[in-house]
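Analysis of the macromolecular model
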Amino acid sequence: MDHDLGPAGPGWLVALETSGLGESLRQSVWLYPLVEITHILGFALLVGAILAFDLRLIGIRAPLLPADALARLLLPVAVTGFALAVPTGFLLFTTEATALARNPAFLAKLGLIVLALLNILAFHGLVGRRMAEWSLADRPPPGARFVGAASLALWVGVLACGRLIAYL
Amino acid sequence: MTHARPLALAALLSASLAWPAAAHHGWGGYESGQEMTLTGTVQQIAFNNPHAMLNLQAGGKVWHVVLAPPSRMSTRGLPADSIKPGQTVTVVGYPAKSDPAELRAERITAADKTVELR
């Protein structure tokens with residue numbers, strides 16, 4: 001490992017990393033942990049709410065917990081979490097943009113987020129649109145169960161890759 | 001010589017930026033059975049998040065020493081500017097398995113003050 005060269009990589013990454021924003025975050029004693037805390041709070045809300053809803057999609061407690069009612073509680077929580085996690089994630093990215101851009105765990109995390117968002121779009125565009133019809137069904141339709149299982153796997157994957165960034 | 005300070009600062013800054021934070025978390029990447037004590041001269045220090053680091057000239061080579069987050073360093077008595085290039089410090093720690101010149105410090109003695117980093 002070479003410890004004496006400047007940040008290397010595409011210009012925009014170097015510019016981002018050497019920007020005042022990146023520099024103040026690295027130098028700040030408490031701002032950086034505050035951003036980290038907000039990022040963690042964001043993805044705790046996001047992934048926690050989504051995983052709970054996924055379990056319902058798969059069929060856990062299906063007749064007891066109407067899917068549409070549960071969605072009214074959990075989906076805004078997930079959206080709030082997303083709104084906290086994304087900007088704070090971007091701030092953390094600026095502190096080490098050049099290293100993160102070639103970190104395999106970070107790249108895998110971004111890829112999994114894209115797949116997980118596509119999965120959400122698929123749900124809301126297809127089986128989710130008819131949620132009222134199966135909201136109290138003992139066994140949710142196959143589409144809902146598939147989306148729920150995929151979402152579970154994808155978001156756990158996002159979480160795992162996020163944590164592994166520091167190790168690869 | 002009016003430009004010397006900004007230039008030195010820029011050089012230090014760019015060097016500090018090159019230190020990847022990856023692979024510094026946790027202790028699995030370090031030889032925990034091989035405790036080392038290094039006394040030497042600080043060449044560069046980056047008091048940065050996610051953790052402070054310094055380059056230490058000791059034992060005929062330059063060691064890359066990983067310290068604690070700036071907040072913890074400050075809380076335990078070594079705030080920013082308490083360690084400067086040219087200063088002599090002693091670190092006790094473990095060498096990295098993957099990098100023969102990297103040491104993760106357990107404690108540092110600087111300016112007559114010993115601070116536990118874990």
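A brief look at the structure comes next. (Residues numbered from 1 in each chain as written. Chains lettered and ligands numbered in written order. Predicted model: local features only at pLDDT ≥ 70, side-chain atom pairs only at ≥ 80, totals over all residues. Heavy atoms only, no water.)

Some remarks on the overall build of chain A
Looking only at helices and strands, chain A features eight helices and zero strands. Counting from the amino terminus, helix and strand elements in chain A follow one another as α-α-α-α-α-α-α-α. Judged by the C-alpha coordinates and their principal axes, chain A covers about 60 × 25 × 25 Å. For chain A, buried positions account for 40% of its 168 residues. For chain A, the distance from the average site of its 11 positive side-chain charges to the average site of its 10 negative ones is 14 Å. (Helix = DSSP H or I, 4+ residues; strand = E, 2+ residues; numbered from the N terminus. Buried < 20%, exposed > 50% of the residue type's maximum accessible area, 1.4 Å probe, protein only. Lys, Arg positive; Asp, Glu negative; His and termini not counted. Charge placed at Lys NZ, Arg CZ, Asp CG, Glu CD.)

Considerations on the nonpolar core
If you look at the biggest cluster of nonpolar residues, it comprises 23 residues, and the most contacted ones within it are Leu54(B), Leu56(B), Val65(B), Leu67(B), Met73(B), Ile83(B) and Ile108(B). Among the elements of the structure, strand E1 (36-46), strand E2 (53-58), strand E3 (61-66), strand E4 (88-95) and strand E5 (102-110) of chain B are those that each provide at least two residues to this core. Tallying contributions element by element places E5(B) first for this core, with four residues. Core analysis: the next-biggest nonpolar cluster, separate from the first, contains 21 residues, Ile50(A), Val127(A), Met131(A) and Trp134(A) among them. (Core = buried A, V, L, I, M, F, W, Y, C linked by side-chain atoms within 4.5 Å.)

Examining the packing of helix H2 (residues 20-27) of chain A against helix H4 (residues 67-95) of chain A
Residues and elements named next belong to chain A. The N-to-C vectors of H2 and H4 enclose an angle of 90°; their axes lie 8 Å apart at closest approach. In terms of axis orientation, H2 runs roughly perpendicular to H4. Across the interface between the two elements, Leu21, Gly22, Leu25 and Arg26 from H2 touch Phe90, Leu91, Thr94 and Thr95 from H4. Grouping the constituent residues of the contact of H2 with H4 by class yields four nonpolar, three polar and one charged. (Axes fitted to C-alpha atoms, helices over the stretch in contact; angles between N-to-C directions. Parallel < 35°, antiparallel > 145°, perpendicular 65-115°, else oblique. Contact = heavy atoms within 4.5 Å. Nonpolar A, V, L, I, M, F, W, Y, C, P; charged D, E, K, R; others polar.)

What about unusual backbone geometry?
Geometrically, the link from Asn49(B) to Pro50(B) is a cis peptide bond, its omega value of 0° lying close to zero. Within the secondary structure, Pro50(B) is located in the loop between E1 and E2. Of note in the backbone geometry, Arg61(A) takes a positive phi value of approximately 60° without being a glycine. Relative to the helices and strands, Arg61(A) resides in the loop between helix H3 (31-58) and H4. Overall, Arg61(A) belongs to the exposed group, its relative accessible area being 54%. Within the chain, Asp81(B) stands out as a residue other than glycine whose phi angle is a positive 75°. Note on placement: Asp81(B) falls in the loop between helix H2 (70-75) and E4.

A few points about the environment of Ala122(A)
Considering the arrangement of structural elements, one finds Ala122(A) in helix H6 (residues 104-125). Considering only alpha carbons, one finds Ala122(A) and Gly143(A), 21 residues apart in sequence, at a separation of 9.5 Å.

A look at the pairing of E1(B)
Residue and element names in this part refer to chain B. Both E1 and E4 contribute to a ladder of six bridges, which runs antiparallel. Counterpart to Thr37 in the pairing with E4 is Val92. Two strands pair when backbone bridges link them, and E1 and E2 are joined in this way by five bridges, in the antiparallel orientation. When the sheet's bridge partners are listed, Ala46 is paired in E2 with Met53. Between the end of E1 and the start of E2, which pair antiparallel, lie six residues. (Pairing = 2+ DSSP bridges.)

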